[in-house]
Amino acid sequence: MAIVNIPDKNLTLKNADEITNYLAKVGIDYERWDADSARVSPDADEAEILAAYTPEIEKLKASGGYVTADVINIVPTTPNLDVMLQKFNREHWHDEDEIRFIVKGHGLFHIAPKGEDVISIEMEAGDLIRVPRGTLHWFNLCGDRTVRAIRLFQDISGWTPFYTESGVDTGYQPLCFGVNYIPLEASSKL
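Owing to the predicted nature of the structure, the values given are computational and were not obtained by experimental measurement.

About the thresholds
- Residues numbered from 1 in each chain as written.
- Predicted model: local features only at pLDDT ≥ 70, side-chain atom pairs only at ≥ 80, totals over all residues.
- Heavy atoms only, no water.
- Helix = DSSP H or I, 4+ residues; strand = E, 2+ residues; numbered from the N terminus.
- Rg over C-alpha atoms; globule rule 2.2 N^0.38 Å.
- Buried < 20%, exposed > 50% of the residue type's maximum accessible area, 1.4 Å probe, protein only.
- Contact = heavy atoms within 4.5 Å.
- Areas by Shrake-Rupley, 256 points an atom, 1.4 Å probe, with all protein chains shown as cover.
- Lys, Arg positive; Asp, Glu negative; His and termini not counted.
- Charge placed at Lys NZ, Arg CZ, Asp CG, Glu CD.
- Phe/Tyr/Trp six-rings, centres within 6.5 Å; stacked < 30°, edge-to-face > 60°.
- Pairing = 2+ DSSP bridges.
- Polar contact = N/O pair within 3.5 Å; in protein donor to acceptor, adjacent residues only side chain to side chain.

1. Examining the overall build of the protein chain
Here comes step 1: In terms of helices and strands, the protein chain carries five helices and 11 strands.
Here comes step 2: For the protein chain, whose C-alpha radius of gyration is 16 Å, the value lies close to the compact-globule estimate of 16 Å for 190 residues.
Here comes step 3: Each of the three principal axes of the protein chain carries a C-alpha extent, and together these read 50 × 35 × 35 Å.
Here comes step 4: Residues counted as buried form 47% of the 190 residues belonging to the protein chain.
Here comes step 5: For the protein chain, the proportion of contacts with a sequence separation of at least 24, taken over those separated by at least 6, is 72%.
Here comes step 6: Of the roughly 9,400 Å² of accessible surface on the protein chain, 51% is carried by carbon and sulfur atoms.
Here comes step 7: Of note, the protein chain has its 18 positive side-chain charges centred 2 Å away from the centre of its 30 negative side-chain charges.

2. Some points on the packing of aromatic side chains
Here comes step 1: For the structure shown, the criterion picks out six aromatic pairs.
Here comes step 2: Between the aromatic rings of Trp33 and Phe101, the centroid separation amounts to 4.6 Å while the plane-to-plane angle is 35 degrees, which identifies the pairing as tilted. With Trp33 in the loop between strand 3 (29-32) and helix 2 (46-52) and Phe101 in strand 6 (residues 98-111), the pair connects residues that are 68 residues apart, well separated along the chain.
Here comes step 3: Classification of Trp33 by relative accessible area gives buried; the value is 9%.
Here comes step 4: Relative accessible area serves as the criterion here: at 1%, Phe101 is assigned to the buried category.
Here comes step 5: Among the aromatic side chains, those forming a connected cluster through ring pairs are Trp33, Tyr53 and Phe101.

3. Description of the pairing of strand 10 (residues 147-153)
Here comes step 1: In terms of residue burial, strand 10 counts as a mostly covered element, since seven of its seven residues are buried.
Here comes step 2: Side chains Val147, Ala149, Arg151 and Phe153 project from strand 10 onto one buried face, and the interleaved Arg148, Ile150 and Leu152 project onto a second face that is buried too.
Here comes step 3: With seven bridges joining them, strand 4 (residues 68-74) and strand 10 adopt antiparallel strand pairing. Opposite Asn73, over in strand 10, you have Arg148 as the bridge partner.
Here comes step 4: Of the strand pairs in this sheet, strand 6 and strand 10 are connected by six bridges, and their pairing is antiparallel. Paired with Ile99 across the strands is Leu152, a residue of strand 10.

4. Quick look at the side chain of Thr146
Here comes step 1: Structurally, Thr146 can be placed in the loop between strand 9 (137-141) and strand 10.
Here comes step 2: Exposure remark for Thr146: the relative accessible area of 12% places this residue in the buried category.
Here comes step 3: A distance of 2.9 Å separates the side chain of Thr146 from the backbone oxygen of Asp144, its partner in a polar contact.
Here comes step 4: Not counting residues up to four positions away in its chain, the partners in contact with Thr146 are Ile74, Val75, Pro76, Lys104, Gly105, His106 and Leu141.

Everything listed here is a matter of coordinates, which is why it stays silent on function.
If you want it as structure tokens, here you go:
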């Protein structure tokens, strides 16, 4: 289950209903899907994973105008991993929605909604979020440096990050800590 932190408020949410409601207030959709390995192995190939989640994918396609879905698979040995991550670990936005359903591993989305506090969403298998087009955000891997996720796109060519260069992203920890998450300000007092 996701863990949502609002570091500037020293607030952590771990209950699915609280997470769903809080994120909805800032325009982020959050859902839990069944990620049971009896449905499909997290190590299955892309076609098997997409087939296993066809009903959910088709529902999202119909509701959001998404035209394609794929599976991204990042592991510690992914070639040029650090170079690839540099495209996403800085504050940016896209001209289409960003949808991620985590099949395996962990990831940390930071969302910077206009006029609101920055939110970190530590995601694991079974978590799905939709970050609407134009929403400022950035992404980091967790310590296992592994994430396998279904992605949906509204444009067949995919999306391009548009960077803000605001520097907001430098004020928030790029690491996942689970229940031991320590906000940046609190960690500097230790």
